[in-house]
Amino acid sequence: KVTWVSNVFLQRLSGDRVAVVLQPMHAVARLTAGRWLTESGHVVCAPRPFASNDALPIFDGQDADYPKMLAFYHQVKKALQQQPWQIKQLRYRAFSGQWQLELQGNILLRLGQDAWAYPHFDRWLRAQPFLKKKHLSIENHYYDMRYPDGFSVGSLHATKQQHRP
């Protein structure tokens, strides 16, 4: 069973027989208004029964930025293969070049501008053994990685309480 079809190929077989080959389309991320981003970088409207798939991360950016976001997503996903966290949301703001990544476990990473986004993520990932050794909770925190030689850590619960009216 193929839910979505990316391409259809016809192959001529011996005699008067023809084979129909369906190439499935796979969604990688959820977008706004019931749209999905496919692994080939195409934006498609999701059929109603498939419109909400919570297992897929949310991409928050402009349509023109999705190819760049998809490449960054694959880099981060590969680096997280041996880790317990999954990507919940990837946010990119083209006007400022700022990247932000949210992981399951209520972990928010502010990664900074384009050229520094992945090196900052990698620095955070390499700091995890140290944080665990010091018995610091990794979850429910934000990590501001935009500093050149380090990063700051804050509680997401404290941030939410401070912003209450």
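These numbers were taken from a predicted model, which means no experiment stands behind them.

Below, the discussion takes up the packing of aromatic side chains. A full pass over the atoms with the stated rule returns nine aromatic pairs. Between the aromatic rings of Phe59 and Tyr73, the centroid separation amounts to 5.5 Å while the plane-to-plane angle is 65°, which identifies the pairing as edge-to-face. In this pair, Phe59 sits in strand E6 (residues 58-60) while Tyr73 sits in helix H1 (residues 66-79), placing the two residues 14 residues apart along the sequence. Phe59 gets classed as buried once you look at its relative accessible area, which sits at 1%. Look at Tyr92 and Trp99: their rings are 4.4 Å apart centre to centre, the planes differ by 40°, and that puts the pair in the tilted class. We note that Tyr92, like Trp99, is buried.

Our next topic: the pairing of strand E8 (residues 98-103). Among the six residues that make up E8, five are buried, leaving the element largely enclosed by the rest of the structure. Bridge count between strand E7 (residues 87-93) and E8: six bridges; the pairing is antiparallel. Following the sheet pairing, Tyr92 is matched in E8 by Trp99. Hairpin connection, E7 to E8: the antiparallel pair is bridged by four residues, and Gly97 has positive phi, about 70°. As judged from the six bridges shared by E8 and strand E9 (residues 107-113), these two strands associate in the antiparallel manner. Among the inter-strand pairings, Gln100 is bridged to a residue of E9, identified as Arg110. Taking the residues between adjacent antiparallel strands as the criterion, E8 and E9 are bridged by three residues, where Gly105 takes a positive phi near 95°.

Conventions and cut-offs
Residues numbered from 1 in each chain as written. Predicted model: local features only at pLDDT ≥ 70, side-chain atom pairs only at ≥ 80, totals over all residues. Heavy atoms only, no water. Phe/Tyr/Trp six-rings, centres within 6.5 Å; stacked < 30°, edge-to-face > 60°. Helix = DSSP H or I, 4+ residues; strand = E, 2+ residues; numbered from the N terminus. Buried < 20%, exposed > 50% of the residue type's maximum accessible area, 1.4 Å probe, protein only. Pairing = 2+ DSSP bridges.

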